[in-house]
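Report on the structure
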Amino acid sequence: MYTYALATTHARQGRLVALCDPNRTRMAVHNAILAEEGAPEAATHPPEQFAAMLAEHRVDEVIVCTVDRLHADYVVAALEAGCDAITEKPMTADLDGCRRIAEARRATGRRVTVGFNYRYNPVHRQVHRMLRGGAIGEIGSVHFEWLLDLRHGADYFRRWHRDKRQSGGLLVHKASHHFDLVNWWTGARPEEVFAWGGLFFYGEENGRRHGLASGYERVHSAPDAQGDPFALHMADSPDLTSLYLDAEHEDGYRRDLNVFGPGITIEDDMSVLVRYDTGVRLSYHLAAYSPWEGYRVAFTGSKGRLELDVTEVPSTPPPGDGAAPVRGMPAPKESTVSRLVLRNHWRPAEEVPVEVGEGTHGGGDVRMLDSLFGGGDDGIRPDDADGANALLTGLAANASMASGAPERIDGLLPADLLPRRR
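Below is a short write-up of the structure.

Definitions and cut-offs
- Residues numbered from 1 in each chain as written.
- Predicted model: local features only at pLDDT ≥ 70, side-chain atom pairs only at ≥ 80, totals over all residues.
- Heavy atoms only, no water.
- Pairing = 2+ DSSP bridges.
- Helix = DSSP H or I, 4+ residues; strand = E, 2+ residues; numbered from the N terminus.
- Buried < 20%, exposed > 50% of the residue type's maximum accessible area, 1.4 Å probe, protein only.
- Lys, Arg positive; Asp, Glu negative; His and termini not counted.
- Salt bridge = Lys/Arg side-chain N within 4 Å of Asp/Glu carboxyl O.
- Polar contact = N/O pair within 3.5 Å; in protein donor to acceptor, adjacent residues only side chain to side chain.
- Contact = heavy atoms within 4.5 Å.
- Axes fitted to C-alpha atoms, helices over the stretch in contact; angles between N-to-C directions.
- Phe/Tyr/Trp six-rings, centres within 6.5 Å; stacked < 30°, edge-to-face > 60°.

**Quick notes on the pairing of strand β7 (residues 190-198)**
Pairing between β7 and strand β8 (residues 269-276): eight bridges, direction antiparallel. Of the residues in β8, the one forming a bridge with Trp196 is Ser271. Where β7 meets strand β14 (residues 407-408), two bridges bridge the pair, whose relative direction is antiparallel. Bridging from a neighbouring strand, Glu192 pairs with Arg408 of β14.

Here's what the structure looks like:
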């Protein structure tokens, strides 16, 4: 996404001058994209040359797209080199990384942006305006349910996300989107978290119990994977082939592991309770094995209730029906349906017209790119404090699942490094 943007739609606002990656094949794919769009080739460097690369090419801003566990390493190195940093969500995957980013940002005065693209979704911006405008008065509670369908949800269990050390689990990697939305919508900061969660559907034991297990380790070249609806067939896609299959010889990374195989250490079904500094309370649920994809969020306040229902994929189509060009990949979300209802006290329910944006994440991605590369302050651009508040919610939830007790946010970081409400 970033490579295409800097080569085409946002070429006047910035240029991709260098790539840093341990895999030369993948860097060559990105340079091929630049060449196809008539953009200058980017220099390529291995990770050990990262700091030297920033100086040599006089880099202004670094975009970090590593596995989550490594985000902090590159964000901190970029800040210390005098660069600003944009990082994919979550900001990082653990407390140490969160602390290091906070310290480096404070010491250098440079800017950190976290790619919470859902903030830019027009429907979510409308919800923000209504809540901040007092549409339901003072907010008392939020109920939030997010469902990942059988293709999208499964994709986190066949690649590096399945290892909690790399991703922090879905309450860090995926739910950071959702926790950030609640923080932003309500103008509140999390204080205490309690959570339950477990691996119910995916994994070796669950596959056997539900009659879904297959014996292969990875899909490519496995005959018994051909009839498995959960199998990802990378050879169906030129992009997946060039970025992953053709690159395996360099680092051994396999993108198509069996979702009912061993080695999965993350949860697929999680319930979280959060108490905020404003008194707002959140009940949140994430399931990664639903027959449809979408979410429901409801805000109840002193004057009424605001309800948002979004359907992104109404049902998971069976393999081979043509809905998705790559067997096993999530279907494109081209028919998102959003319904926003305002229910004030003593009045009939009012359906509020909404704008559903075109493109991925409800139109959020294209608007986020405009914000990131346009350089202006639109009041939405999430910074490291926003990234930390979302991350700490997920980390506290992980800690609560392990301890069986509520976890206070102020017990996770030193008081002087705790993010505050903006």
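**Focus on the side chain of Arg162**
Among the secondary structure elements, Arg162 is positioned in the loop between α7 (152-155) and α8 (164-167). Here Arg162 sits buried without a salt bridge, and the closest side chain of opposite charge, Glu217, lies 7.6 Å off (N-O distance). One polar contact links the side chain of Arg162 to the main-chain carbonyl oxygen of Asn258, over a distance of 2.9 Å. Discounting chain neighbours no more than four positions away, the residues touching Arg162 are Tyr156, Phe157, Leu257, Asn258, Val259, Gly261, Pro262, Gly263, Ile264, Thr265 and Ile266.

**Notes on the sheet that holds strand β3 (residues 61-64)**
Judged by pairing direction, the sheet is parallel, and its three strands sit side by side in the order β3-β4-β5 without closing on themselves. Lying at the two open borders of the sheet, with one neighbouring strand each, are β3 and β5 (112-115). When the angles between neighbouring strand axes are averaged without regard to direction, this sheet yields 15 degrees. The sheet contact formed by strand β4 (residues 84-88) and β5 spans four bridges and is parallel. The partner of Ala85 across the bridge, within β5, is Val112.

**Considerations on the environment of Val76**
Mapped onto the fold, Val76 is located in helix α4 (residues 71-80). Between the C-alpha atom of Val76 and that of Arg105, which follows or precedes it by 29 residues, the distance is 7.8 Å.

**As for the packing of aromatic side chains**
Taken as a whole, this structure holds 19 aromatic pairs when the rule is applied. Their ring planes at 90 degrees and their centres at 5.3 Å tell us that Trp185 and Phe299 sit as a pair that is edge-to-face. Separated by 114 residues along the polypeptide, Trp185 in helix α10 (residues 175-186) and Phe299 in strand β10 (residues 293-301) bring together distant segments of the chain. For the pair shown, Trp185 and Phe299 are each scored as buried. A centroid spacing of 5.3 Å and a plane angle of 40 degrees characterise the contact between Phe200 and Tyr289, whose relative ring orientation is tilted. Residue Phe200 is located in the loop between β7 and α11 (204-209), and its partner Tyr289 is located in strand β9 (residues 281-290); the two are separated by 89 residues in the primary sequence. For Phe200, a relative accessible area of 38% corresponds to the partly exposed category. An aromatic cluster is built from Tyr118, Phe144, Trp146, Phe179, Trp185, Tyr284, Tyr295 and Phe299, whose rings are joined through pairwise contacts.

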